[in-house]
Amino acid sequence: IVGTPTNGTVYRFERGSVAVNNVAPVQDKYILSPNPATDILSIGQNRDQPKIQSIKIYNANGQLVQTKAADSNTLNIYSLPAGVFYLHIQDKDEISVQRFVKLGK
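Residues numbered from 1 in each chain as written. Predicted model: local features only at pLDDT ≥ 70, side-chain atom pairs only at ≥ 80, totals over all residues. Heavy atoms only, no water.

Participant: Explain the packing of aromatic side chains to me, and be specific about the residues and the numbers.
Facilitator: Within this structure, the stated rule accounts for one aromatic pair. Seen from their ring centres, F85 and F100 are 5.6 Å apart, and the 20° between their planes marks the pair as stacked. Highlighted residues: F85 in strand β9 (residues 83-90) and F100 in strand β10 (residues 95-102), separated in sequence by 15 residues. Residue F85 is classed as buried on the basis of its relative accessible area, which comes to 3%. Take F100: its relative accessible area is 0%, and that puts it in the buried class. (Phe/Tyr/Trp six-rings, centres within 6.5 Å; stacked < 30°, edge-to-face > 60°. Helix = DSSP H or I, 4+ residues; strand = E, 2+ residues; numbered from the N terminus. Buried < 20%, exposed > 50% of the residue type's maximum accessible area, 1.4 Å probe, protein only.)

Have a look at this one:
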């Protein structure tokens, strides 16, 4: 399980019993730019990372607002209202969660 608390740090929890020593920060697999953004959001990744399979955008209330097949690493976010959003990036291994800010139009 991968999640992002409000401080922006990403943690991965492995299966098994949960203890303090099972929790470790995960390096960002993906870089979002620009962040904040107004209309286009790009997802950068290293060459050795698995190919992105799908992308989902959730608003701050946890509602799914946009889904995209991974045909490119560019998202058109122009139609989204201003606010904080969470990008769920699915690859063959896991789902990574990245926070981004959408500025007004």
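Here the narrative resumes, following the displayed structure.
Participant: Explain the nonpolar core to me, and be specific about the residues and the numbers.
Facilitator: If you look at the biggest cluster of nonpolar residues, it comprises 16 residues, and the most contacted ones within it are L41, I43, I57, L75, I77, L87 and F100. Only β4 (30-33), β5 (40-45), β6 (54-59) and β9 provide two or more residues apiece to this core. Of all the elements, β9 adds the most residues to this core, at three residues. Sequence-distant contacts of F100, that is, excluding residues within four places in its chain, are made with L32, N35, L41, I57, I77, L80, G83, V84, F85 and L87. (Core = buried A, V, L, I, M, F, W, Y, C linked by side-chain atoms within 4.5 Å. Contact = heavy atoms within 4.5 Å.)

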